[in-house]
Amino acid sequence: MPNKILIIEDEPAIMLGLKDELEKEYTVLSASTGKEGLNIAQSQEVDLILLDIILPDADGFLLCRKLKENGIDACIIMLTAKDQISDKVKGLEMGSDDYITKPFSLEELKARIKALLRRKEASTAVEYKDGALEIDFRRCLAVKKKRKLALSLLELKILRFLISNKDKVVSREELLQQVWGYHSAQDTRTVDVHINALRKKIGNRYIRSVYAKGYIFSPS
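The rules we used
Residues numbered from 1 in each chain as written. Predicted model: local features only at pLDDT ≥ 70, side-chain atom pairs only at ≥ 80, totals over all residues. Heavy atoms only, no water. Pairing = 2+ DSSP bridges. Helix = DSSP H or I, 4+ residues; strand = E, 2+ residues; numbered from the N terminus. Axes fitted to C-alpha atoms, helices over the stretch in contact; angles between N-to-C directions.

Q: Break down the sheet that holds strand β6 (residues 127-129) for me, with residues and values.
A: Reading across the sheet, the 4 strands line up as β6-β7-β8-β9 and stay open at both edges, with antiparallel pairing between neighbours. The open sheet terminates on both sides in strands that have one partner only, identified here as β6 and β9 (147-148). Here β6 pairs with strand β7 (residues 133-136) via 3 bridges, running antiparallel. Paired with E127 across the two strands is D136, which belongs to β7.

Q: Tell me about the sheet that holds strand β1 (residues 4-8), residues and numbers included.
A: With respect to topology, 5 strands assemble into an open sheet ordered β2-β1-β3-β4-β5, the strand pairing being parallel. Of all strands in the sheet, those bounded by a partner on one side alone are β2 (27-31) and β5 (98-101). Averaged over neighbouring strand pairs, the angle between their axes works out to 20 degrees when direction is ignored. By the bridge criterion, 5 bridges tie β1 to β2 in an arrangement that is parallel.

Structure, rendered in structure tokens:
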């Protein structure tokens, strides 16, 4: 059975182009407003959501957070003309898994979709629990002090890898290889952006920076 993708996009030309291309491999649902998109995501089980940031009735950032808070465990890729680092960080903080700026290559978008769906399918039943933080990786659920956290699948995969190497320094290059699947030298800035967004959600005490080496999961 093909994966199900929901496109929330109000520009008809972009919507039609995405549907025509993605329907070759996936079951595609569509919505032109935030309200319609939220209703579909809550009523049907979708694997991935392509979410435009600027919608006629909603702020895409806030809609992303609402989707996560409502227990929607689909991967989310945000689509936007904004390319500032601050916008990307905001999207990650709201729970998105990836971010692509318009205009974009359909081939690049399709590659990112495939990568996220592979990560989703590879989720394992690893759990972590201490006095304040509880993480169920199988259910893609994180709770801190009885409050549900809007963590993206990518952030959960980062945590799972760090926790599996608890008290061991993990380099940025290792994270790129194991989490993103990059097997050649890449810009490690993306790792720092995601770690910073993750720290804001779970608290700074869980992930420490080790100068010139990388990061370590070692709750203080």
